[in-house]
Amino acid sequence: MTSTTATTRLTVAQALVRFLAVQYTERDAERQRLISATWGVFGHGNVAGLGQALVEYGDDMPYHQGRNEQAMVHAAVGYARQSNRLSTHAVTTSIGPGATNLVTGAALATINHLPVLLLPGDIFATRPADPVLQQLEVPYAGDVSVNDCLRPVSRYFDRITRPEALIPAALQAMRVLADPLDTGAVTLALPQDVQAEAYDWPEEFFAERTWTVRRPAPDTRELAAAVTAIRQARRPLIVAGGGVHHSGAEEALAELADATGIPVASTQAGKGSLRHDHPQDVGGIGHTGTATADELARTADLVIGVGTRYTDFTTASGTLFTGEGVRFLNLNIAPFDAHKLAGLPIVADARAGLEELTQALELHDHRAGDSYVSEYTDDKQRWEYRVDACYECDEPDVRPTQPQVLGLLDEIVTEEDIIVGAAGSLPGDLHKLWRTRSRDQYHLEYGYSCMGYEIPAAIGVRMAAPGRPVWALVGDGTYLMMPTELVTAVQENIPIKVLIIQNHGSASIGGLSESVGGERFGTAYRYQSDDGTFTGPPLPVDLAANAASLGMRVLRAKTVRDMRSALIEARAADTPTCVHVETQTADTVSGAPPAQAWWDVPVAETATRSSAVKARELYERQVSTRRRHL
């Protein structure tokens, strides 16, 4: 006798949409859709396939209309991060430029370990005409398309050249998206003819599947070695990275800090792991960190990294951790990161590892020394006085500085508000100055430092956190990169608050350019002068008018007094609202405290201009302090 398997005849695109609609994740008994919606910009490469399938199964798969393919990925990534990586969105594009526009967003997702499913159209698998519109012809390979650009920035990539190949590829894609170690961008390239091809699909393919998000516990020997190292340390320092948030380990970290008195500094991704007013929170670390955290880093004898990749901003390009005999202990779910800086590894989930570490240390009644606690407590208070000074606004009728804008925002937000930022001078100011009130208030993308992330990501965050005020903080350089998704916010009435800080150029890079002998070349948004440099008057660009033309409600603020009123009004708004302000110090960085640690940007080794010669002398002094931890 032969057994028969029930089948359903669908196109590849229809089958994929039905499959995605019944995929779930589960962690700590919390179950939710893995792919909760799909973003799309349609062209000839996906309109008849995935476009038709999303119409066919619209009740099962919500759809969001994007304007820019890169921005759609940013929105999906913002949603995924706010959802603790347990849920994300899919993004579909046509072939050609639509597909290649995904590359930047994919790189951002993978570098930050955030899941997103990419579904670009691809050239015909059956080759009825060769080449077709937008096809890249590669003389030495007939199976290459522009989508191969996505291979190095994807954690999983497959091209579905036959219908039945979708089954194993789709299952592998879900496995990677739900894996806390491997997650990132996942790409299923879909030839446009295959998308529309019908196949008899086994019904089992459309059964609900739940992907368990693991919490691997630490190895007992690694845990014992970690306890010994901590007990022997006199000046331990915890560095909290993004893995603390991804694991939902904030309470476990607070319990360890409470039990031991060990201070906690945070990377850009890890800020908010402790509330700003927690006794052991000493603020941001590294090039954009606080003086308190960076001085503790320079004198630490044990650095305990939790969920951090130790990027150059965190380590001050290898010049920050210079204490005599300093060693590293790294708790990370990724062995690659756990072994960095020749550290003792604890390869485990951050929450599971912190909980077991706290229990083991409590058995020994271990605490940091009283003098050490008093030292960093006093230093933290001194830094708070500096923050107060930066935020202070004694003259209500003048233009605010960028730190004063942040101070005014600080006055009106509560722990409900979420602040979204990315590149430019704002991340540095926020890392040093912002007083984080909740575990997810500080949403800074600094793994890829991608201009244009903020507005679409804020849309994704708001979708994942309905009812909460979500702020996208952008400079004029970032705004001009990607304001397109303001139209999406207006279309779907997603009430994000966009704060545009106008300073007539790329102020952050302008300041960096000056420090390395580049004399701010090419960083100001000004008219061209007679000598060919862009040093004329500021361009008459009206970003507020631009935002209004895209349908946003716009509030213009000229003074500190105006700014306070505009921020209060924007926070209360139930429609997408923009606050525009031109700040003081238009040609400089924000005026916040200068960098408390170095960052390696190589300076020209030979030059005739005095600015570059002087910058090189300083560079050589700084680079001589670099230390390799072996």
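Look a little higher up for the structure.
Since we're looking at a predicted model, the values are computed, not measured.

Chemist: I'd love a proper account of the overall build of the protein, names of residues and values included.
Modeler: For the protein, the count of helices and strands is 24 helices and 23 strands. The C-alpha atoms of the protein give 26 Å as radius of gyration, which agrees with the globular expectation for 630 residues (25 Å, within 12%). Looking at the protein as a whole, 58% of its 630 residues qualify as buried. Carbon and sulfur atoms provide 51% of the accessible area of the protein, an area that totals close to 25200 Å².

Chemist: Residues and numbers for the sheet that holds strand β5 (residues 63-65), please.
Modeler: Across the sheet, which stays open at both edges, the six strands sit in the order β5-β4-β6-β7-β9-β8 with parallel pairing between neighbours. The sheet is open, and its two borders are formed by β5 and β8 (156-159), each paired with just one other strand. Mean inter-strand twist for the sheet, computed between neighbouring axes without regard to direction, equals 20°. The sheet contact formed by strand β6 (residues 88-93) and strand β7 (residues 116-122) spans four bridges and is parallel. Across the sheet, the residue bridging to Thr-92 is Leu-119, located in β7. Helix-sheet contacts for helix α3 (residues 69-82) involve β4 (35-40), β6 and β7, and the interaxial angle to β6 is about 170°.

Chemist: Go over the nonpolar core with me, naming the residues and quoting the values.
Modeler: Among the nonpolar cores identified, the biggest contains 46 residues, and Val-91, Val-116, Leu-118 and Val-498 are the most heavily contacted of them. Those residues within four positions of Val-498 in sequence are excluded, and the remaining contacts are Ile-455, Ala-472, Val-474, Leu-486, Met-552, Thr-577, Cys-578 and Val-579. Among the nonpolar cores identified, the runner-up in size contains 36 residues, and Leu-10, Leu-34, Ile-160 and Ala-173 belong to it.

Chemist: Give me the lowdown on the sheet that holds strand β22 (residues 553-557), citing residues and values where you can.
Modeler: Spatial ordering of the open sheet is given by β19-β18-β20-β21-β23-β22, a layout of six strands whose pairing is parallel. Looking along the sheet, the strands with just one partner apiece sit at the ends: β19 (442-444) and β22. Geometrically, the sheet is characterised by an average inter-axis angle of 20° between neighbouring strands, direction not taken into account. The pairing of β22 with strand β23 (residues 577-582) spans five bridges and is parallel. By the bridge assignment, Ala-557 is partnered in β23 with Val-581. On top of the sheet, helix α17 (residues 425-433) reaches β19, β20 (470-475) and β21 (497-502); it is set at about 150° to β19, its chief contact. Each of β20, β21, β22 and β23 is contacted by helix α23 (residues 560-572), which is oriented at about 160° to β22, the strand it contacts most.

Chemist: For helix α1 (residues 12-20), give the residues involved together with the corresponding values.
Modeler: Every α-helical turn comprises 3.6 residues, leaving residues that sit three or four positions apart pointing alike. With respect to burial, α1 is a largely interior element, eight of its nine residues being buried. Within α1, the full set of buried residues consists of Val-12, Ala-13, Gln-14, Ala-15, Leu-16, Val-17, Phe-19 and Leu-20.

Chemist: Can you lay out the packing of aromatic side chains for me, pointing to particular residues and giving the numbers?
Modeler: This model, assessed by the stated rule, comprises 11 aromatic pairs. Here the aromatic rings of Phe-19 and Phe-205 are separated by 4.6 Å at their centres, their planes lie at 10°, and the arrangement is stacked. Placement of the pair is Phe-19 in helix α1 and Phe-205 in the loop between β10 (198-202) and β11 (209-212), with a sequence separation of 186 residues. Ring centres 5.7 Å apart and planes at 20° place the aromatic pair Trp-201 and Phe-205 in the stacked group. Within the aromatic cluster, the residues linked to one another by ring pairs are Phe-19, Tyr-199, Trp-201, Phe-205 and Phe-206. Lying over the aromatic face of Phe-206, Arg-18 brings its terminal NZ or CZ to 4.2 Å of the ring centre.

Chemist: Tell me what's going on with unusual backbone geometry, and back it up with residues and numbers.
Modeler: Peptide bonds are, in most cases, trans, and in most cases residues other than glycine have a negative phi. Going from Asp-130 to Pro-131, the amide bond is cis rather than trans, its omega being 10°. Turning to its location among the elements, Pro-131 is positioned in the loop between β7 and β8. Backbone geometry at Gln-134 places phi at a positive 75°, although glycine is not the residue there. Within the secondary structure, Gln-134 is located in the loop between β7 and β8. Although it is not a glycine, Ala-342 adopts a positive phi angle of roughly 55°. Tracing the chain through its elements places Ala-342 in the loop between α13 (335-338) and β17 (344-347).

Chemist: I'd like to hear about the pairing of strand β2 (residues 23-27), residue by residue, with values.
Modeler: Counted residue by residue, β2 has four buried out of five residues, so it is predominantly covered. Of the pairings in the sheet, the one linking β2 to β11 comprises four bridges and is parallel in character. In the sheet register, Thr-25 faces β11, and the bridge partner there is Trp-211. Between β2 and strand β3 (residues 30-33), which pair antiparallel one after the other, the connecting turn spans two residues, and Asp-28 there sits at a positive phi close to 55°.

Chemist: So what's going on with the pattern of salt bridges? Residues and values would help.
Modeler: Summed over the entire model, instances satisfying the criterion amount to 34 salt bridges. Here Asp-417 ties to Arg-571 by a salt bridge, and the two come within 2.7 Å at their closest N and O atoms. Linking Asp-417 in the loop between α16 (402-412) and β18 (418-421) with Arg-571 in helix α23, this pair joins segments that are 154 residues apart in sequence. We classify Arg-571 as partly exposed; its relative accessible area is 23%.

Reading the values: the criteria
- Residues numbered from 1 in each chain as written.
- Predicted model: local features only at pLDDT ≥ 70, side-chain atom pairs only at ≥ 80, totals over all residues.
- Heavy atoms only, no water.
- Helix = DSSP H or I, 4+ residues; strand = E, 2+ residues; numbered from the N terminus.
- Rg over C-alpha atoms; globule rule 2.2 N^0.38 Å.
- Buried < 20%, exposed > 50% of the residue type's maximum accessible area, 1.4 Å probe, protein only.
- Areas by Shrake-Rupley, 256 points an atom, 1.4 Å probe, with all protein chains shown as cover.
- Pairing = 2+ DSSP bridges.
- Axes fitted to C-alpha atoms, helices over the stretch in contact; angles between N-to-C directions.
- Contact = heavy atoms within 4.5 Å.
- Core = buried A, V, L, I, M, F, W, Y, C linked by side-chain atoms within 4.5 Å.
- Phe/Tyr/Trp six-rings, centres within 6.5 Å; stacked < 30°, edge-to-face > 60°.
- Lys NZ or Arg CZ within 6 Å of the ring centre and 35° of its normal.
- Salt bridge = Lys/Arg side-chain N within 4 Å of Asp/Glu carboxyl O.

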